[in-house]
Amino acid sequence: SSGINAEWSLRPGDPDVASTIIQKVWKGYSQRNKTLKLREEELIFIGMQPNTDAQVHHKDSPVSKVNKREEERVLIQAQHEREYQDALVNIKEKIREAEGPDIKENMQDQIRQWFIETRDATGKFPDYPSDDEGGSGAIFKTKNGEGGEEGGEEGGKKKGKKGKKKKGEKKEKKKKGKKKGGKDKGAGGGEDDDGFKMVPSMFIPGIEEASMTYEEIWKQRDETENFQQKYDAELIKELKRGEVESEIRVQVDDLMRQELKNLKAALQKDMGKKGGKGSAKKKGGKKKDKKGGKKGKKEKDLTPDRTIESLYEELVKEGILVQFPKVKISDYLGEYSYLGTTLRQANIEPMPSLSDVRRVVTEYGILPMGSQTVHETAPHVKSIMIAGPHGTGKRMLVNALCSELGANLMDLSAENICGKYPGKAGLTMLLHLVMKVGKLLQPTVVYIGNAEKTFVKKVAKNDVTDPKRLKKELPKIIKKMTPEDRIVFVGTSLTPWDADVKSLCQCYQKIVLIPRPDYASRYLLFKELITRHGGRLAPTLDLSSLAKISDGYTPGHVLTAVKHVLTERRIQQLQRKPLTAAEFVTPLARIDPIYKEEEEQFKAFYDKTTMGKKRAQLLKGEEE
């Protein structure tokens, strides 16, 4: 600027000098902007800076193309599914029309042949198997089983010899193991030298069956001509042929039973004998078995004459069955703890991250409850308690659990049921309604806020909610639940140490502790929440420093600070005045963070729980 002023002072009023000065200023400004833009593009390319350009969401951008392709794929899958379902019906009808008469005739011929063979061997016609025994299907199973007896005996002899050897080897191994075990114990060894053992999974038979299906059907199958991945008509024919045979078999059984009855009547008439004694004895035996069987006790239905609609309406009017905001589990933000492995190598047990909390809630709640088959096969989790400081997202996790499952939410918090269904009879009716509606309209989530109050050691004098009302009944109900009941009790707690730990652990099968967010989670929280609330991530916004100074603040605190800064007026000013980290410091300073003492209280509580004790014992064993 000093050079420009000097030149202008020598030749004032000269238009050539003026135009030269303007060109210099403009070219300098333009080149600086180009250099800055090139630097931003380089940082974005190497992943050091997020791309905030509008082109990211443009229709020709790679992200938009991928999203569009995913949408098209979903539509194609839905179309193929409709075609497959239509083919199941059409192909079955074609098989019934084309092959049904032949199948029926072959079955009748085989059954008649069985009648003749049995009469020739025993001198009388056989008894026809009942529908419960499998009808004529049981006849063919028996005949097929007889053919393989001789080979089975030879194979059994061979296997028997090998089996004896294996048994002998096992016995020797056991003896050696006992001797070694005795020596170790004598030397002061541990109680269990094998260490931690995994429980056998109930899913292994299903996985093995799926593997066998793949080996038999799909492994050697040539799919080069089926690029669109449409249904295979031959596979459907194999599947539906068996169904058609089963349906025709039922009709054939009715016809052949009548035919057998006529044959028996004709034979008895010829022989001049009356039958029925043996059958009478069999019938009597069956009756005896029925009487002798023990019947399990059924719970008394307190509302036998009421419809499920009326029960549902009553729970809604009483505020027990409540609505919840639709939230995805992915909306619970939290980053994976990459430092955890390093800390474990240094014999330091790290605190779980928010990503771990999200994963555990998914594994304990969403995955088992989402499928009846998985719920009956997987370890049965009946109740979960989520404990953590204020603002860590406990209620959000409950809402996410309900949203992902499409479940009903029943609120049995002490504050919510206060004054409703009074007395012991009223409480019994309330729990009956909750469980009856919950079982009929599965899946169901039963929420209990401030879960520690139910098992609190001493109730405050000013507390009029009667928090210990469910203390005796709640564990009983949870204990009676079976894997067929897709119901889960979820409690949240702000101060779990106020409760009797033993009673709390007896009621809640799994206890999930939410810690304060680590650096990586806070960085992700600021980045995502600012973007979602209309903000822009500019180079002037130092997220790294902001995440560092916000240690001890929960996701709720961060959300409050972001909402305070990003008002409608501030969002309109973003183009001229980008965001800075200093703007978020003031609203954060007005909030009390989670101090170290409170975090230590949660750790001390968890160490007293059943899960905490088992974990400590396991870690101790690993160190030894």
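Computed from a predicted structure; not experimentally measured.

Caption draft 1: Inspection of the packing of aromatic side chains at higher detail. Following the criterion strictly, the structure yields 8 aromatic pairs and no others. For the pair Tyr519 and Tyr523, a centre-to-centre distance of 6.4 Å together with 40° between the ring planes defines the contact as tilted. Remark: Tyr523 and Tyr519 occur in helix α18 (residues 519–532); sequence separation between them is 4 residues, near one turn of the helix. Given the relative accessible area of 35%, Tyr519 is considered partly exposed. Ring-pair connections join several aromatic residues into one group, and the members of that group are Trp114, Phe115 and Tyr128. Taking the ring centre of Trp218 as reference, the NZ or CZ of Arg221 above it sits at 5.6 Å.

Caption draft 2: Up close: the pattern of salt bridges. The tally for this structure, following the rule as stated, stands at 26 salt bridges. Note that Arg221 is salt-bridged to Glu223, the shortest N-O span being 3.8 Å. In this structure Glu223 comes out as partly exposed when scored by relative accessible area, which is 26%. Two residues, Lys317 and Glu313, come together in a salt bridge whose shortest N-O distance is 3.2 Å.

Caption draft 3: Quick look at the sheet that holds strand β4 (residues 444–448). Spatial ordering of the open sheet is given by β1-β3-β4-β5-β2-β6, a layout of 6 strands whose pairing is mixed. On the outer flanks of this sheet lie β1 (321–322) and β6 (510–513), each paired with one strand and no other. One ladder, built from 2 bridges, connects β1 with strand β3 (residues 408–411); its direction is antiparallel. Looking across to β3, one finds that Leu321 is bridged to Met410. Contacts between helix α11 (residues 354–370) and the sheet are confined to β2 (383–387), β4, β5 (487–493) and β6, with β6 contributing the most and set at about 145° to the helix. In the packing of helix α15 (residues 423–440) onto the sheet, contacts are made with β3, β4 and β5, and the angle to β5 comes to roughly 125°.

Caption draft 4: Quick look at the environment of Ser503. Take Ser503: it is sitting in helix α17 (residues 501–507). Spatially, the C-alpha atoms of Ser503 and Pro475 are 8.9 Å apart, while their sequence positions differ by 28 residues.

Caption draft 5: Highlighting the nonpolar core. By size, the foremost hydrophobic cluster in this structure holds 39 residues, and its most contacted members are Met385, Leu412, Leu430, Leu474, Phe489 and Tyr508. If we skip the residues at most four places from it in the chain, Leu474 touches Ile448, Phe489, Cys507 and Tyr508. Counting residues in hydrophobic clusters, the runner-up holds 27 residues, among them Ile329, Val361, Tyr447 and Val488.

Caption draft 6: Quick look at the packing of helix α9 (residues 308–317) against α15. The interhelical angle for the contact between α9 and α15, taken along N-to-C directions, is 125°, at an axis separation of 10 Å. Comparing their axes, α15 and α9 come out oblique. Here α9 and α15 pass one another in a crossing that is left-handed. Of the residues in α15, those in contact with Ile308, Leu311, Tyr312, Glu314 and Leu315 of α9 are Leu433, Lys436, Val437 and Leu440. Considering only residue class, the contact of α9 with α15 consists of 7 nonpolar, no polar and 2 charged.

Caption draft 7: Seen up close, the packing of helix α20 (residues 555–565) against helix α22 (residues 582–589). One way to put it is that α20 packs onto α22 with a least axis distance of 9 Å and a crossing angle of 125°. Taken together, the axis directions place α20 and α22 in an arrangement best described as oblique. For the pair α20 and α22, the sense of crossing is right-handed. Residues His557, Ala561, Val562, His564 and Val565 of α20 form the contact with α22, whose own contacting residues are Glu583, Phe584, Pro587 and Leu588. Its residues assigned to classes, the contact of α20 with α22 shows 6 nonpolar, 2 polar and 1 charged.

Cut-offs used in this document
- Residues numbered from 1 in each chain as written.
- Predicted model: local features only at pLDDT ≥ 70, side-chain atom pairs only at ≥ 80, totals over all residues.
- Heavy atoms only, no water.
- Phe/Tyr/Trp six-rings, centres within 6.5 Å; stacked < 30°, edge-to-face > 60°.
- Helix = DSSP H or I, 4+ residues; strand = E, 2+ residues; numbered from the N terminus.
- Buried < 20%, exposed > 50% of the residue type's maximum accessible area, 1.4 Å probe, protein only.
- Lys NZ or Arg CZ within 6 Å of the ring centre and 35° of its normal.
- Salt bridge = Lys/Arg side-chain N within 4 Å of Asp/Glu carboxyl O.
- Pairing = 2+ DSSP bridges.
- Contact = heavy atoms within 4.5 Å.
- Axes fitted to C-alpha atoms, helices over the stretch in contact; angles between N-to-C directions.
- Core = buried A, V, L, I, M, F, W, Y, C linked by side-chain atoms within 4.5 Å.
- Parallel < 35°, antiparallel > 145°, perpendicular 65-115°, else oblique.
- Left-handed = near helix turned anticlockwise from the far one by under 90°.
- Nonpolar A, V, L, I, M, F, W, Y, C, P; charged D, E, K, R; others polar.

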